[in-house]
Structure formats: C-alpha cells, structure tokens
Amino acid sequence: EEYQAALEAESSAPTSTGDVLGKALDAAQSQSEASSALKEAADALAEEEEELAKKLGMDSVEELEDALDAMNGIADDGGELESSGDIAREARAREAYLGWCKKFNKQEDE
C-alpha cells in the first residue's frame, strides 16, 4: 500500500525539465562516487595480494594464483590437472617448510 501511494504521489507531481536534469546530474555524481570507491577497493585488494604473495615466498601474484589453481586441480591453461594427490602433499610440505623457516629465522631456499 505504501509503495502504491508513493507511486501515485510521484505520478501526480508534475516533473519539470529542471527536475529531470537535476536528477540525472545526481545519478551521474552517485555513479562517479561508486566508481571511485570500487577503484580504491580494487587497488587495496591488489596491494594485499602482492603482500600475501611476498609473505608466502612467491615472486608475483600470478605465481600465487597459479599455486592456488594447482592446489585446486586447475592447470595453467584452465583445464583439469591430472593428478594422484601429489599436489596437495607438496602444498602441505611447502607450508610446513615455510613455517619451519619462519619459526627458526632461516632463509627460504627452494
């Protein structure tokens, strides 16, 4: 009922050209602000990804993405990896090794 009343109120009020242009300007400004916020969020995410890749001992975000894909059975070309479970074992071994290096302040050597 409230929705219907709001629609009737909008349709009964005359809309001038100035109102339409003002609304269009407000909408464009809102879109610009949203676009700017999305860009800031994307930039922050990219920085966090780079930081994570470095913490994991990888040279780039792409290397991190490839490692995550491999752990999930996805090949570099996007196809399915043929595996017998060795990838998961290697990932666990790498994680244990990196943890050991961090715990004993050792330089990673792979």
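For the structure itself, look to the data block above.
Enquirer: Would you mind going over the overall build of the protein with me for this structure?
Expert: When you go through the protein residue by residue, the secondary structure sums to 4 helices and 0 strands. Scanning the protein from its N terminus toward the C terminus, one meets helices and strands in the order α-α-α-α. Pairs at least 24 apart in sequence give 14% of the contacts found in the protein among residues at least 6 apart. A total of about 9,400 Å² of accessible surface is found on the protein, and carbon and sulfur atoms cover 51% of it.

Enquirer: Help me out: how do you make sense of a negative patch on the surface in this one?
Expert: A grouping of Glu47, Glu48, Glu49, Glu50, Asp59, Glu62, Glu63, Glu65, Asp66, Asp69, Asp76 and Asp77 is seen on the molecular surface, where their side chains present a negatively charged patch. Where the negative patch is concerned, the elements lending two or more residues are helix H2 (17-55) and helix H3 (61-71). Among the elements that make up the negative patch, the one with the highest residue count is H3 (5 residues). In this structure, Asp77 sits in the loop between H3 and helix H4 (86-103). Accessibility expressed as a relative area gives 69% for Asp77, which makes it exposed.

Enquirer: What am I meant to see in the layout of surface pockets here?
Expert: To locate leftover empty space, one rolls a probe as large as a water molecule over the atoms. One number sums up the size of the largest pocket: a volume of about 370 Å³. Around the largest pocket, the lining is made up of 14 residues, and of these Met58, Ala67, Met71, Ala91 and Arg94 lie nearest the centre. Those elements giving two or more residues to the lining of the largest pocket turn out to be H3 and H4. Counted by class, the lining of the largest pocket contains 10 nonpolar, no polar and 4 charged residues.

Criteria and cut-off values
Residues numbered from 1 in each chain as written. Predicted model: local features only at pLDDT ≥ 70, side-chain atom pairs only at ≥ 80, totals over all residues. Heavy atoms only, no water. Helix = DSSP H or I, 4+ residues; strand = E, 2+ residues; numbered from the N terminus. Contact = heavy atoms within 4.5 Å. Areas by Shrake-Rupley, 256 points an atom, 1.4 Å probe, with all protein chains shown as cover. Patch = residues over 30% accessible without salt bridge, like charges linked within 9 Å, V, L, I, M, F, W, Y side chains within 5 Å. Salt bridge = Lys/Arg side-chain N within 4 Å of Asp/Glu carboxyl O. Lys, Arg positive; Asp, Glu negative; His and termini not counted. Charge placed at Lys NZ, Arg CZ, Asp CG, Glu CD. Buried < 20%, exposed > 50% of the residue type's maximum accessible area, 1.4 Å probe, protein only. 1 Å grid on protein atoms, 1.4 Å probe; cavity = no way out; pocket = protein on both sides within 12 Å on 5 of 7 lines; lining within 4 Å. Points joined across faces, edges and corners; volume = space filled by probe spheres on them. Nonpolar A, V, L, I, M, F, W, Y, C, P; charged D, E, K, R; others polar.

Don't take any of this as a statement about function, it's just geometry.
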